[in-house]
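As a plain string of letters, each chain reads:
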Amino acid sequence: MLSQPEGSKDGPVHIELRPQSAHAVDAPAKLRARDVNVFYGDKQALFDASLDVPEKAVTALIGPSGCGKSTFLRCINRMNDTIATARVTGRIELDGEDVNDRSIDPVLLRARVGMVFQKPNPFPKSIFENVAYGPRIHGIATGKRELEHVVETSLKRAGLWNEVADRLQAPGTSLSGGQQQRLVIARAIAVNPEVILMDEPCSALDPIATARVEELIDELREEYCIVIVTHSMAQAARVSQKTAFFHLGKLIESGNTDEIFTNPRDTRTQDYITGRFG
Amino acid sequence: MTDAALPPAGAQPALQRSAIEARLKARRAREARFRWYGRLAITAALLFLAVLLGRIVSQGYTTFVDYRMSVPVYLDPARIDPTDPTGANYDLMVADAVLAKLGETDDALGTTSGKLMALLSTDLGFQLLDKVRADPRLIGQTVTVTGPVRADASLYFKGLVDASAAETDRKLDDRQIAWLEKLRSLGMVSSGFNTSFLTRSDSTEPEQAGVLGAVVGSALMLLVTGLLSVPIGVLAAVYLEEFAPKNRWTSIIEVNINNLAAVPSIVYGLLGLAVFINWLAVPRSSPLVGGLVLALMSLPTVIIATRSALKAVPPSIREAALGVGASRTQTVFHHVLPLAMPGVMTGAILSLAHALGETAPLLMVGMVSFVPGVPAGFTESATVLPVQVFIWENASERAFHERTAAAIMVLLVFMIVMNLAAILLRRRFERRW
């Protein structure tokens with residue numbers, strides 16, 4: 001089962017759960033959000049969201065459209081800074097440091113917190129340049145040899161190397177949608193981030209490409225703290241260890257994925273995951 | 001939902017179907033009509049263009065044919081002082097040589113030679129002077145000089161003088177026309193492509209007037225305009241679009257830039273006169289001051305074009321760059337601006353092409369003066385092509401009018417070359433995403 005028909009009216013949905021590894025539950029929090037409020041102009045988009053995101057695990061943010069899950073995600077690497085009217089209050093700690101602190105440079109923060117977007121957005125440059133760009137601007141790899149090495153390892157980790165090894169100079173935009181999304185993931189991991197944020201990374205992909213990306217996410221969780229926003233509850237169930245449910249700008253509840261899906265405490269969570277609304 | 005109002009699925013009632021079909025006919029007719037309107041509009045536009053170009057070319061093409069006369073002149077030592085060759089009357093020497101060929105002699109008052117000199121360009125005399133000055137040993141020998149005939153004679157050879165009109169109604173009398181015919185039969189007159197129109201500058205004599213000075217003046221002025229308006233305009237646009245906070249001040253600036261783009265160009269000329277010439281003492285009628293004025297004029301256009309090119313770059317590219325930790329400056333200069341470059345180039349070239357054809361503001365900064373040479377630098381006196389057209393169009397001599405049309409042709413070629421350059425540059429910068 002690859003995709004979950006959303007909002008189906010046919011009663012409860014059966015979702016297969018992956019056997020969870022124990023460490024997800026006890027893992028120390030990499031990210032700690034406390035009372036995060038986000039305003040776009042006069043409109044409040046997020047109300048007092050508090051969430052702990054464990055290390056080396058996938059945390060899924062689920063909820064109906066416009067519930068604030070993407071807004072929350074974009075607070076973590078301060079992408080909301082680029083929106084002139086956006087205002088963020090509250091604390092988001094990365095390893096105990098507040099990311100909104102004045103002493104934190106957003107450029108440095110984004111080198112530690114990578115991001116993958118909803119639509120694959122490779123640069124209109126070669127595949128090599130796409131991956132090499134981050135390491136180059138951050139000075140992670142300097143010589144040509146070093147850059148080639150970083151590009152190769154990143155593409156291998158993103159599971160794309162075998163498909164593109166012989167055409168690294170081809171434009172990144174010439175790849176298929178799923179390949180582009182894996183290229184973008186390679187680009188993100190090339191700068192050695194600690195956290196990877198994914199904003200509905202599979203919503204523009206077909207089921208086969210989705211499966212490839214999900215596999216990749218599962219592999220990456222060994223090394224990174226991953227936060228993924230998804231509309232597909234099946235996907236959340238498949239790839240995540242922890243799930244947070246957002247509704248109307250509020251974080252309703254969060255917990256281990258199997259608990260949320262089998263035994264939600266809040267009726268709204270239950271209604272959403274069983275497909276009664278959303 | 002109004003489920004009840006809809007017919008059962010699968011069966012479309014015949015009534016509804018016929019209604020759709022009836023409308024379908026009208027819809028198709030409307031579409032066909034619209035296509036015809038489009039074709040008509042394009043035909044009309046092409047027709048206007050053809051009339052315009054046809055008129056210019058038919059009026060101006062004769063400029064590119066010129067009639068030259070070759071005259072062997074005996075450099076009489078009695079008439080030239082070797083210590084001061086400049087003092088001799090070379091024009092008269094040429095005229096006497098031609099009179100001898102025609103089998104006529106000058107009268108005491110010089111009316112005959114005067115009449116003849118009205119047919120011969122002063123260029124022949126200048127050529128003799130140059131030769132003697134370069135090599136005084138030529139005195140006492142016979143030297144052949146070749147130069148254009150006077151404009152009136154040239155018009156006669158081109159068949160643009162109506163010889164059947166009353167003698168008082170034309171500039172050439174019957175005797176002069178007879179001379180010209182005799183000279184032609186003697187084989188002293190040759191015709192060919194008029195290179196001197198492209199290699200000489202303005203002159204009081206139409207047959208010696210060319211566009212080189214104006215072309216060089218235009219090029220120098222455009223260089224000043226481009227070097228100032230493109231970098232300043234692009235940077236201003238990048239700042240406003242990518243960095244400036246969106247508040248009342250920036251929106252006031254934006255409105256003002258949009259309004260400045262619509263200000264009549266002569267106002268920029270007045271501004272340039274007041275600021276650059278009267279205050280900053282930039283030399284009048286120089287390519288520098290003209291370029292400065294036109295840079296001011298084209299800045300708003302460059303800014304507006306660049307901003308819209310930047311706006312057209314998908315925001316996902318900005319997010320991608322910021323997402324991997326690029327700073328805002330890196331995002332703009334590594335990704336956004338390169339993608340906007342084709343649009344920026346188009347805007348820049350369009351505004352430069354506009355500047356190339358501009359006359360009014362240049363009249364205000366003294367570029368309307370008669371400049372007989374090629375400007376050697378940015379602060380020399382110069383004229384530019386559209387002003388040259390304006391000056392010649394105002395000239396009373398008829399021969400200047402064909403040159404007006406020819407200068408317009410040169411201006412159009414200049415513009416086509418610029419547009420081609422723009423297309424090539426755009427191709428080079430174009431990248432798809």
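Residues numbered from 1 in each chain as written. Chains lettered and ligands numbered in written order. Predicted model: local features only at pLDDT ≥ 70, side-chain atom pairs only at ≥ 80, totals over all residues. Heavy atoms only, no water.

Here the focus is the interface of chain B and chain A. Many analyses report the size of an interface as the accessible area lost when the parts associate. Each side of the interface is counted separately: chain B has 18 residues, and chain A has 21 residues. Between chain B and chain A, a total of about 1,700 Å² is buried, with carbon and sulfur atoms accounting for 64% of that surface. Run the count over chain B and chain A and you get one salt bridge. A salt bridge links A:Arg74 to B:Glu319; the shortest N-O distance between them is 2.9 Å. In this structure, the connection of chain B to chain A is made through six residue pairs in polar contact (both at pLDDT 80 or more). Those elements that place two or more of their residues in the side of chain B that touches chain A are helix H12 (315-323) and helix H13 (328-356) of chain B. Take the side of chain B that touches chain A: its biggest share by element is seven residues, from H12(B). Along the lines of polarity and charge, the residues of the side of chain B that touches chain A split into eight nonpolar, seven polar and three charged. (Contact = heavy atoms within 4.5 Å. Buried area = accessible area lost by both parts, 1.4 Å probe. Salt bridge = Lys/Arg side-chain N within 4 Å of Asp/Glu carboxyl O. Polar contact = N/O pair within 3.5 Å; in protein donor to acceptor, adjacent residues only side chain to side chain. Helix = DSSP H or I, 4+ residues; strand = E, 2+ residues; numbered from the N terminus. Nonpolar A, V, L, I, M, F, W, Y, C, P; charged D, E, K, R; others polar.)

This brings us to the sheet that holds strand S3 (residues 189-193) of chain B. Residue and element names in this part refer to chain B. Reading across from one edge, S2-S1-S3 is the order of the three strands in this open sheet, with antiparallel pairing throughout. Each of the sheet's edge strands pairs with one partner strand only, and the pair in question is strand S2 (142-148) and S3. Sheet twist, expressed as the mean angle between neighbouring strand axes with direction ignored, is 30°. Here five bridges tie strand S1 (residues 65-74) to S3, and the two strands are oriented antiparallel to one another. (Pairing = 2+ DSSP bridges. Axes fitted to C-alpha atoms, helices over the stretch in contact; angles between N-to-C directions.)

The next subject is the packing of helix H8 (residues 212-243) of chain B against helix H15 (residues 385-394) of chain B. Residues and elements named next belong to chain B. One way to put it is that H8 packs onto H15 with a least axis distance of 8 Å and a crossing angle of 145°. Judged by residue contacts, Ala214, Val215 and Ser218 of H8 engage Leu385, Pro386 and Gln388 from H15. Among the residues making up the contact of H8 with H15, the classes are represented as four nonpolar, two polar and no charged.

Nonpolar side chains in soluble globular proteins tend to end up buried together. All names here are of chain A. In this structure, Ile127, Leu155, Met198, Ile217 and Ile226 are the most contacted members of the largest nonpolar core, which totals 49 residues. Per-element accounting of this core gives the leading share, six residues, to helix H7 (residues 177-189). With sequence-adjacent residues up to four places away left out, Ile217 is seen in contact with Val58, Met198, Ile226, Ile228 and Val239. (Core = buried A, V, L, I, M, F, W, Y, C linked by side-chain atoms within 4.5 Å. Buried < 20%, exposed > 50% of the residue type's maximum accessible area, 1.4 Å probe, protein only.)

Right, let's get into the state of the cysteines. Residues and elements named next belong to chain A. A complete count under the given rule lists zero disulfides over all chains for this structure. For the unlinked cysteine Cys75, the closest cysteine sulfur is that of Cys67, found at 13 Å. As a non-bridged cysteine, Cys225 has Cys75 as the owner of its nearest cysteine sulfur, 15 Å distant. Here Cys225 falls in the buried class, since its relative accessible area comes to 0%. (Disulfide = S-S within 2.5 Å.)

On to a positive patch on the surface, then. All names here are of chain B. Taken together, the side chains of Arg23, Arg27, Arg28, Arg30 and Arg33 define a basic patch exposed on the protein surface. With respect to the secondary-structure elements, Arg23 resides in helix H1 (residues 14-60). Relative accessible area serves as the criterion here: at 59%, Arg23 is assigned to the exposed category. (Patch = residues over 30% accessible without salt bridge, like charges linked within 9 Å, V, L, I, M, F, W, Y side chains within 5 Å. Areas by Shrake-Rupley, 256 points an atom, 1.4 Å probe, with all protein chains shown as cover. Lys, Arg positive; Asp, Glu negative; His and termini not counted. Charge placed at Lys NZ, Arg CZ, Asp CG, Glu CD.)

Below, the discussion takes up helix H4 (residues 122-134) of chain B. Residues and elements named next belong to chain B. Over its 13 residues, H4 extends 19 Å from the first C-alpha to the last, a length consistent with the 18 Å expected when each residue adds 1.5 Å. Along its buried surface, H4 packs onto S1, helix H2 (90-102) and S2. Capping the start of H4, Ser121 holds a side-chain oxygen 2.9 Å from the backbone nitrogen of Asp123, two or three residues further along. (Expected span 1.5 Å × (residues − 1).)

A packed helix pair is summarised by two numbers, namely the angle formed by the two axes and the spacing between the axes. Residues and elements named next belong to chain B. Remark: H8 packs on H13, axes separated minimally by 9 Å, with the N-to-C direction vectors making an angle of 140°. Relative to H13, the element H8 lies oblique. Helix-helix and strand crossings are classified by hand; for H8 and H13 the assignment is right-handed. Of the residues in H13, those touching H8 at Ser218, Met221, Leu222, Thr225, Gly226, Val230, Val234, Leu235, Val238, Glu242 and Phe243 are Arg328, Thr329, Val332, Phe333, Val336, Leu337, Val344, Ala348, Leu352, Ala355 and Leu356. Here the residues of the contact of H8 with H13 sort into 16 nonpolar, four polar and two charged. (Parallel < 35°, antiparallel > 145°, perpendicular 65-115°, else oblique. Left-handed = near helix turned anticlockwise from the far one by under 90°.)

Residue and element names in this part refer to chain A. Positioned with a positive phi, Asp35 is a non-glycine residue whose angle comes to about 50°. Following the sequence through the fold, Asp35 ends up in strand S1 (residues 29-40). Overall, the relative accessible area of 43% leaves Asp35 in the partly exposed class. The backbone of Lys56 sits at a positive phi, close to 45°, despite the residue not being glycine. Following the sequence through the fold, Lys56 ends up in the loop between strand S2 (43-54) and strand S3 (58-62). Residue class for Lys56 comes out partly exposed when judged on its relative accessible area of 38%.

Residues and elements named next belong to chain B. The residue Thr112 is located in helix H3 (residues 111-117) in this model. Overall, Thr112 belongs to the buried group, its relative accessible area being 5%. Excluding residues that lie within four positions of it along the chain, Thr112 makes contacts with Leu99, Glu104, Thr105, Asp106, Asp107, Arg175 and Trp179.

Further remarks concern the pairing of strand S8 (residues 225-229) of chain A. All names here are of chain A. Burial within S8 is extensive, with five of its five residues counted as buried. Here S8 shows two buried faces, one formed by Cys225, Val227 and Val229 and the other by Ile226 and Ile228. Across four bridges, S3 lies against S8 in parallel orientation. For Thr59, the partnering residue across the bridge sits in S8 and is Val227.

Residues and elements named next belong to chain B. Mapped onto the fold, Ile139 is located in the loop between H4 and S2. The class of Ile139 is buried, set by a relative accessible area of 17%. Remark: the alpha-carbon pair of Ile139 and Pro85, spanning 54 residues in sequence, is separated by 9.7 Å.

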